Amino acid sequence: MSGVLRSEWTKLRTTSGTAWLLLGLVVATIGIGWLATAVTTCTHSDCFLDPTQLSLTGVQLGQIVVAVLAVMLFGNEYSTGLIRLTLAATPRRWTVLAAKALVLTGPVLLAAGVAVAGSVVAGRQYQSVPFRLTPVLGTVIYLALIALFSLGLAAIVRSAAVAIGIVLGLCYAYPLLAAATGDPAWVRRLLQIGPTTAGQNIMSTVDPETLAHAPWNGLGVLALWTAGTLLTAAVLLHRRDA
Amino acid sequence: MTDKMIEVNGLRKRFGGHLALDGMTFGVHSGRITGFVGPNGAGKSTTMRVILGLDRAESGTALVGGVPYRSLKRPLTHVGSLLDAGALQPSRTARDHLLWLAHSQGLGRNRVEEVLEQAGLSAVARRRAGGFSLGMRQRLGIAAALLGDPWALLLDEPFNGMDPEGIVWMRGFLRSLAGQGRAVLVSSHLMGELQGTADHVVIVGRGRVIADSSVAGLLARASSGLVSLRTSSPEAAAVLTGAGASVREAEDGTLTVTGLTAEQIVSALSARGIPFAEVSAHRATLEQAYMDLTRDAVEFRAAEVSR
Amino acid sequence: MRAEWTKLRTVPAWALALPAAAVIIVLFGLFPGMQGSCGKPGSATECKPTTGPDGVEVRDSFAFAYRTLDGDGSITVRVAALTGELTDGPGLVPWAKAGLMVKDTTEPGSSYAAVMVTGARGVRMQHDFVHDKAGRKTPLAWLRLTRAGGTIMGEESADGTQWTVVNRVQLPDLGRSVVAGLFVTSPQHAEEDSNTFGVKGARGGPSQATAEFADLAVTGAWQGTQWTKQHIGGPGNGPGQGDPAGGQPGSQELTLTGSGDIAPAVTGAAGVGTSITTTLIGTFAGLIVVVVVGVLFASGEYRRGLIRTTLAAQPRRGRVLAAKAAVAGAAGFVAGLVAGAIVVYAGREVLQSNGVFIPAVPVATELRLIAGTGAMLGLTAVLGLALGMLLRRSATAITAAVVAVILPYLLAMTVLPTAAADWALRVTPAAAFAIQQSAVEYAQVANVYTPVDGYMPLSPWAGLAVLVAWTAVALSGAYYRLVRADA
């Protein structure tokens, strides 16, 4: 396992996009969050603003950067045929998946930590964003879970383009689709089920009653999705011809 | 090295309605180069993927050194393989490509430098593999296959895209590997590429083995037939006919004989004191032998014509 | 160009995707779960809105104390106090109104002119629902309204001696005999409420206002001496609503309590019903589809080296790009046009049969919505194509295009507060969603004008122009790379 881990780390390290994507995650997340807090003015006292969530607006873009990084890990191997060499070198395939997941999680946690903390600090310039552990820590975990979810998805569909398409759909189309149903009960139900919509509850600091899920419960839903996806990926990877 | 071998026994595999492998059975012995030949779609690559544990056969076994590939702990130290030289991350350098592979087998940087040297790639090790020509990619693939110093090598179409100089290098390189006692399986859809390289050939068509023999034996079988000689004696034809051969006479005094081997002809004519010169058996090329054997197995070419 | 059309047409997935984009938009438009109560049995309201003199749908509901004025005359009063009440306690909404009015008849929707003080918007003179002129920014004032034929003049004063004209307006529909007097009304209060399950909404409720009038004086052809009190436009919607009475008849002082609004009808939080734009909600999904088709139409050339064949057949690369853009754009436009036409007409039927009130819009607006949807899809397909040519890798290009077009829209519709949402819909390609707005924003109507309710920060054509600009930038980049780089 340690050899496979080291091997996957070497792969990640020597892919030209990795460093740029991690940098992109930090810049995009902080940048968008900073813009959102800068242009928002709250004139009257009770404008129902959640400053923490507002400062974390950039995560909406950051999650896609993370997903691209994760999807590349498998997608590129499939598009180039490299996967055969990988699996010939490591016939116990679940270790490949586990190693990829581990080497992905480390850098993503680190970059996400910088991005999220930076967003909160940047947001404090314009809004009274409180320093709270739950949304900050939770959002970092959220980004890591999105990365793992995307990784599993890429292993399942074996194509970077298809996988990123699904992640884009879940991140951007799904919430709109849920809202478009119009019926509040259905909106709530759909928002509770969706991996991204449920997980994003962690960014809210408002009254949990108004949320689809309590923050950590929402993140739990995303964690379940991620676990299910990785498990499916492991089974398929083991069963399928490479 | 001990006499370990790759054994393929009764592999069957179906892709949709198409039977890709239909009882494929053969063995690859150490110390020699085994050519694995057949038309496109005969099941060569699929067999190699099954040996490497990448694809699963519906029935039959493929063992390397007596165990399934997927049970090997550091498989590249047992079997090195080159399936698709294009399978590279274009942005990664040749050295980094070998480095991650080495790490997966618990091997270090030194081994990477060694195989780069062996494959003649040391000068370009820092270049991005995406910019490599097909020939250089084949060399990089060979380097990757040698990384674990394996006792067996599986090479799928290693001559593809190589220039003549590269083909000569590759042939010599494969010979030296076999000379070190390794088992080498080299697939090709062109028999000519293997002439003078392979010791043994496994000819396949439609997912099964058509012929499994030494190159010498195969050539002998295909050559059995024509012997030509020149003689000024008019009795020669009668003598040979009497010995059981059929003889065709050309105007310049050349006889084309079938039914006797060159040795039999020489002894028959010498016994009668008939003078002759230039006895030559028509040695068939491997290509001819192969075409004879695979004529009815060439399914794709026929299908293409009828379309 | 025909070659490019053949290329697009002959890949079955692409040929199917464009009709699919249209179908998705139609499905979203025709099956909204939105339910209303208009025309439903039971506690139904018929939802036939009052229309004003210009045929504009209006709300005309207020407490009125009036006498008949048969000819010319004027009325003067001092608004001594204006207080209000919301559902959850005392409070005055900014657009609570109290003052003087001359109105053709007591029929809701009839022509009027009024001078008034407001909750927080100072002195105003308004007439015929959509016209509004501001006076001094003062909470309380002396007011005077003078009628001379079809001309009504509104004046204000701080002390009852120094008068300033607020406005002079013409009311051509006014008969000789009109009703005139004192009025009070207070519209629904509404404010933005973020985060109901992470989706933005608004909250609010009915309100009422009470005005104390003093120093009431009239001159001219007034009939009778009794002020008739009536709640025009049916009962209002205020808490404890009902009696518009107060004060002694004939005296110089009078207290009036009212609820409602005298304004053009708006949709959204404080209005009624929903705008026809709602039926086009599926556009975002259609955009995703055309983005994917546009990108693949371009990047497909690079994946298998087809671009070399294409450029060998047409070495003038600019023309290749132009042809591809024209084909992708036209295909997207037609898909959007068809979907828009079906949705706008059929979608209204569906919403109305669900009991949702949809204000009428001019035919020109309907045509703009339909053509605009086509233009959005066409331009977005070209944007996708350009990004595909520029970035050459489909996954990257699709991600870039979706992030550029859909993400700002999503953020504006869900998590962002209005100020930030407005910016997102001003500077990004998602600004083009403005072309689909049908509701008109009135400064003098209290409402939450948010993108969610179909009120975009940019005017329709300006919004589309932003998308055109982005597409042009992407196309220039694609052209530059196509011409300069090796194929």
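Residues numbered from 1 in each chain as written. Chains lettered and ligands numbered in written order. Predicted model: local features only at pLDDT ≥ 70, side-chain atom pairs only at ≥ 80, totals over all residues. Heavy atoms only, no water.

Here we come to the overall build of chain B. When helices and strands are tallied, chain B shows 10 helices and 14 strands. Across its three principal directions, the C-alpha atoms of chain B cover 75 × 45 × 45 Å. In chain B, which comprises 307 residues, the share counted as buried stands at 51%. Residue pairs at least 24 apart in sequence account for 69% of intrachain contacts in chain B once pairs closer than 6 positions are excluded. A total accessible area of about 13,600 Å² is found for chain B, and carbon and sulfur atoms account for 51% of it. Seen as two clouds, the 33 positive and the 29 negative side-chain charges of chain B have centres 9 Å apart. (Helix = DSSP H or I, 4+ residues; strand = E, 2+ residues; numbered from the N terminus. Buried < 20%, exposed > 50% of the residue type's maximum accessible area, 1.4 Å probe, protein only. Contact = heavy atoms within 4.5 Å. Areas by Shrake-Rupley, 256 points an atom, 1.4 Å probe, with all protein chains shown as cover. Lys, Arg positive; Asp, Glu negative; His and termini not counted. Charge placed at Lys NZ, Arg CZ, Asp CG, Glu CD.)

Once that is clear, we can look at the side chain of S187 of chain B. Residue and element names in this part refer to chain B. Mapped onto the elements, S187 comes out in strand 8 (residues 183–188). Of note is the side chain of S187, whose polar atom sits 3.0 Å from the backbone nitrogen of E157. With sequence-adjacent residues up to four places away left out, S187 is seen in contact with F36, K44, M48, L155, D156, E157 and P158. (Polar contact = N/O pair within 3.5 Å; in protein donor to acceptor, adjacent residues only side chain to side chain.)

What follows deals with a nonpolar patch on the surface. Residues and elements named next belong to chain C. Taken together, the side chains of F333, V334, L337, V338 and I342 define a hydrophobic patch exposed on the protein surface, amounting to about 370 Å² of accessible area. Locating I342 in the fold gives a position in helix 5 (residues 317–353). Its relative accessible area of 37% is what places I342 among the partly exposed residues. (Patch = residues over 30% accessible without salt bridge, like charges linked within 9 Å, V, L, I, M, F, W, Y side chains within 5 Å. Salt bridge = Lys/Arg side-chain N within 4 Å of Asp/Glu carboxyl O.)

On the side of chain A, 29 residues touch chain B, which itself brings 32 residues to the contact. In total, about 2,500 Å² of surface goes out of reach between chain B and chain A, with carbon and sulfur atoms giving 52% of it. Of the charged contacts, one joins D241 of chain A and K13 of chain B as a salt bridge, the two residues approaching to 2.6 Å between their closest N and O atoms. Put simply, chain B and chain A have 14 residue pairs in polar contact (both at pLDDT 80 or more) between them. The element best represented in the side of chain B that touches chain A is helix 2 (residues 94–104) of chain B, accounting for seven residues. For the side of chain B that touches chain A, a count of residues per class yields 13 nonpolar, nine polar and 10 charged. (Buried area = accessible area lost by both parts, 1.4 Å probe. Nonpolar A, V, L, I, M, F, W, Y, C, P; charged D, E, K, R; others polar.)

Further remarks concern the domain arrangement of chain B. Taken as a whole, chain B is organised into domain 1 (5–212) and domain 2 (226–281). Each of domain 1 of chain B and domain 2 of chain B has a C-alpha centre, and these two points are 47 Å apart. (Domains from an automatic or database assignment.)

Ranked by size, the top nonpolar core spans 135 residues in total, and within it F74, L97 and L151 of chain A together with I6, L174 and V184 of chain B carry the most contacts. Excluding residues within four positions of it along the chain, I6 of chain B makes contact with F26, G27, V28, I51, L63, V64, W151, A152 and L154 of chain B. Core analysis: the second largest hydrophobic core is formed by 101 residues, L168 of chain A together with V295, L369 and M389 of chain C among them. (Core = buried A, V, L, I, M, F, W, Y, C linked by side-chain atoms within 4.5 Å.)

All right, on to the packing of aromatic side chains then. Evaluated as defined, the whole model comprises 11 aromatic pairs over all chains. For the ring pair F26 of chain B and F36 of chain B, a centre distance of 4.9 Å and an interplane angle of 40° mean the geometry is tilted. With F26 of chain B in strand 2 (residues 18–29) and F36 of chain B in strand 3 (residues 33–37), the pair connects residues that are 10 residues apart, well separated along the chain. The exposure class of F36 of chain B is buried, given its relative accessible area of 0%. Judged by centre distance (4.9 Å) and plane angle (75°), the ring pair of Y112 of chain C and F129 of chain C falls under edge-to-face. Residue Y112 of chain C is located in strand 6 (residues 112–118), and its partner F129 of chain C is located in the loop between strand 7 (123–127) and strand 8 (131–134); the two are separated by 17 residues in the primary sequence. Ring-pair connections join several aromatic residues into one group, and the members of that group are F62, F64, Y66 and F183 of chain C. (Phe/Tyr/Trp six-rings, centres within 6.5 Å; stacked < 30°, edge-to-face > 60°.)

Okay, the pairing of strand 10 (residues 208–214) of chain B next. Residues and elements named next belong to chain B. Direction of pairing for strand 9 (residues 200–205) relative to strand 10: antiparallel, over a ladder of six bridges. Following the sheet pairing, V204 is matched in strand 10 by V209. Once strand 9 ends, the chain turns through two residues before running back antiparallel as strand 10, passing R206 with a positive phi of about 50°. (Pairing = 2+ DSSP bridges.)

In this structure the tally under the stated criterion is 19 salt bridges over all chains. Between E77 of chain A and K11 of chain A there is a salt bridge, with the nearest N and O atoms lying 2.5 Å from each other. Placement of the pair is E77 of chain A in helix 4 (residues 59–80) and K11 of chain A in helix 1 (residues 2–13), with a sequence separation of 66 residues. Overall, K11 of chain A belongs to the buried group, its relative accessible area being 4%. For K103 of chain C, the salt bridge identified is with D60 of chain C, shortest N-O distance 2.7 Å. Of the two residues, K103 of chain C is situated in strand 5 (residues 97–103) and D60 of chain C in strand 2 (residues 57–60); the sequence distance between them amounts to 43 residues. A relative accessible area of 0% places K103 of chain C in the buried class. Residues joined in a network through salt bridges with shared partners are E8, K11, E77 and K100 of chain A.

This part covers the environment of L155 of chain B. Residue and element names in this part refer to chain B. Among the secondary structure elements, L155 is positioned in strand 7 (residues 152–156). Since its relative accessible area comes to 1%, L155 is described here as buried. Through-space distance from the C-alpha of L155 to that of T34 is 10 Å; in sequence the pair is 121 residues apart. Setting aside chain neighbours within four positions, we find L155 in contact with M48, L82, I142, A145, L174, V184, L185, V186 and S187.

Looking now at the sheet that holds strand 1 (residues 5–15) of chain B. Strand pairs in the sheet, formed through backbone hydrogen bonds, run parallel or antiparallel to each other. Residue and element names in this part refer to chain B. Taking strand neighbours across the sheet as the criterion, the four strands line up as 2-1-4-5 in an open arrangement whose pairing is antiparallel. Taken across any chain shown, the strands that pair with only one partner, and hence form the sheet edges, are strand 2 and strand 5 (67–68). As paired strands, strand 1 and strand 2 are joined by nine bridges and run antiparallel to one another. Counted as the bridge partner of I6 is V28 from strand 2. Packing of helix 1 (residues 44–51) onto the sheet brings it into contact with strand 1, strand 2 and strand 4 (59–64), and relative to strand 1 it is tilted by some 115°. (Axes fitted to C-alpha atoms, helices over the stretch in contact; angles between N-to-C directions.)

One can read the domain layout of chain C as domain 1 (2–36 + 273–484) and domain 2 (50–264). For domain 1 of chain C and domain 2 of chain C, the distance between their C-alpha centroids amounts to 44 Å.

This part is about the packing of helix 6 (residues 93–123) of chain A against helix 7 (residues 133–157) of chain A. All names here are of chain A. Following both chains from N to C, one finds helix 6 and helix 7 inclined at 145°, their axes separated by 8 Å at the closest point. The element helix 6 and its partner helix 7 pack so that their crossing is right-handed. Contact with helix 6, carried on its side by L97, K100, A101, L104, T105, V108, L109, A112, G113, V116 and V120, involves V136, T139, V140, L143, A144, A147, L148, L151 and A155 of helix 7 and no other residues of that element. (Left-handed = near helix turned anticlockwise from the far one by under 90°.)

Another aspect to go through is the sheet that holds strand 10 of chain B. Residues and elements named next belong to chain B. The strand order across the open sheet formed by six strands is 6-7-8-3-9-10, and the pairing between neighbours is mixed. The sheet is open, and its two edges are formed by strand 6 (79–82) and strand 10, each paired on a single side. For this sheet, the mean angle separating the axes of adjacent strands, direction not counted, is 15°. Pairing of strand 7 with strand 8 involves five bridges; the strand directions are parallel.

Moving on to unusual backbone geometry. For R158 of chain A, which is not glycine, the phi torsion reads 55° and is therefore positive. Counting through the fold element by element, R158 of chain A comes out in the loop between helix 7 and helix 8 (160–180). In this structure, R206 of chain B takes a positive phi of about 50° despite not being glycine. For R206 of chain B, the position within the fold is in the loop between strand 9 and strand 10. On the accessibility criterion, R206 of chain B (44% relative accessible area) is partly exposed.

Right, let's get into the pairing of strand 17 (residues 254–258) of chain C. Residue and element names in this part refer to chain C. Of all five residues in strand 17, four are buried, a share of seventy percent or more. As paired strands, strand 15 (residues 207–222) and strand 17 are joined by five bridges and run antiparallel to one another. Each bridged residue has a counterpart across the sheet, and for F213 the counterpart in strand 17 is L254.

All names here are of chain C. Two elements in contact, helix 1 (residues 2–10) and helix 2 (residues 12–30), have axes whose closest approach is 5 Å; the angle formed by their N-to-C orientations is 85°. Taken together, the axes of helix 1 and helix 2 lie roughly perpendicular to each other. Between helix 1 and helix 2, the residues in contact are K7, L8, R9 and T10 and P12, W14, A15 and L18, respectively. In terms of residue class, the contact of helix 1 with helix 2 is built from five nonpolar, one polar and two charged. (Parallel < 35°, antiparallel > 145°, perpendicular 65-115°, else oblique.)

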